[in-house]
Amino acid sequence: MSVYDPANIFAKILRGEMPATKVFEDDAALAFMDIMPRADGHTLVVPKIAARNIFDIAPADLSTLIQRVQHVAKAVRSGMAADGVVVQQFNEGPGGQMVFHIHFHILPRWTGVALKPPGVMGDKAAIEAAAAKIRAALA
Ligand code: AMP
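Residues numbered from 1 in each chain as written. Predicted model: local features only at pLDDT ≥ 70, side-chain atom pairs only at ≥ 80, totals over all residues. Heavy atoms only, no water.

Engineer: What's the story with the sheet that holds strand β1 (residues 22-25) in this structure? I'm lost.
Structural biologist: Note: strands within a sheet are paired through backbone hydrogen bonds, in either parallel or antiparallel orientation. Spatially, the 5 strands line up as an open sheet ordered β1-β2-β3-β5-β4, and their pairing is antiparallel. A strand with exactly one partner marks an edge of an open sheet, and here the two such strands are β1 and β4 (84-88). Across the sheet, the mean angle separating the axes of adjacent strands is 20 degrees when strand polarity is ignored. Here strand β2 (residues 29-33) pairs with strand β3 (residues 43-47) via 5 bridges, running antiparallel. Bridging across to β3, Ala29 finds its partner in Pro47. Lying over the sheet, helix α2 (residues 59-79) contacts β1, β2, β3, β4 and β5 (104-109), oriented at roughly 20 degrees with respect to β5. Running over the sheet, helix α3 (residues 124-138) touches β1, β2 and β3 and is turned about 30 degrees from β1. (Pairing = 2+ DSSP bridges. Helix = DSSP H or I, 4+ residues; strand = E, 2+ residues; numbered from the N terminus. Axes fitted to C-alpha atoms, helices over the stretch in contact; angles between N-to-C directions. Contact = heavy atoms within 4.5 Å.)

Below, the structure is given as structure tokens:
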């Protein structure tokens, strides 16, 4: 059974040890822009509690988290004028997880617009511009 490692990058962002382009924060969760966006406005939502993934998060914490995901997803859709939104969540390496602090991806989608390739750093100005639109939709 894999354990939670507090040295993961999202834990560092939560502790303020690493920068992030934040769009939403409350007592339970933080949402920030993915640095390698698969779509303009690609946003991540993480809980403030320490959990590795779906296997160890307490049901009550998962329930709280998904409510924040819904809240942010609505703002991503309206802020980015998206036709639809994909919500993704990966568990363990073979399940596609690379950062071992549970998180949900929110990807806005537009008719006829393909996802960007994985593993490519996003343009900083474009990420900031998308974040501003999402923040405005949350305000
Ligand atoms: P996964 O664990 O497969 O759900 O993917 C982790 C995601 O975190 C990827 O989409 C990365 O681009 C993203 N990511 C990794 N490091 C950072 C970071 N410092 N700030 C924002 N996003 C990150």
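What follows picks up the thread again.
Engineer: Would you explain the site of the ligand in this entry?
Structural biologist: Not every one of the 16 residues close to the ligand is listed here, only the nearest: Asp34, Gly96, Met98, His103 and His105. Between an oxygen atom of the ligand and a main-chain N or O atom of Met98, the distance comes to 2.6 Å. One nitrogen or oxygen atom from the side chain of His105 is found 2.6 Å from an oxygen atom belonging to the ligand. Burial of the ligand by the protein amounts to 89% of the accessible area it has alone, namely 510 Å². (Near = heavy atom within 4 Å. Polar contact = N/O pair within 3.5 Å; in protein donor to acceptor, adjacent residues only side chain to side chain. Areas by Shrake-Rupley, 256 points an atom, 1.4 Å probe, with all protein chains shown as cover.)

Engineer: Honestly, unusual backbone geometry in this entry has me stumped. Any pointers?
Structural biologist: For residues that are not glycine, phi is negative in most cases, and the peptide bond is trans in most cases. Even without glycine at this site, Ala81 takes up a positive phi of about 50 degrees. Examined against the element boundaries, Ala81 turns out to sit in the loop between α2 and β4. Overall, Ala81 belongs to the exposed group, its relative accessible area being 55%. (Buried < 20%, exposed > 50% of the residue type's maximum accessible area, 1.4 Å probe, protein only.)

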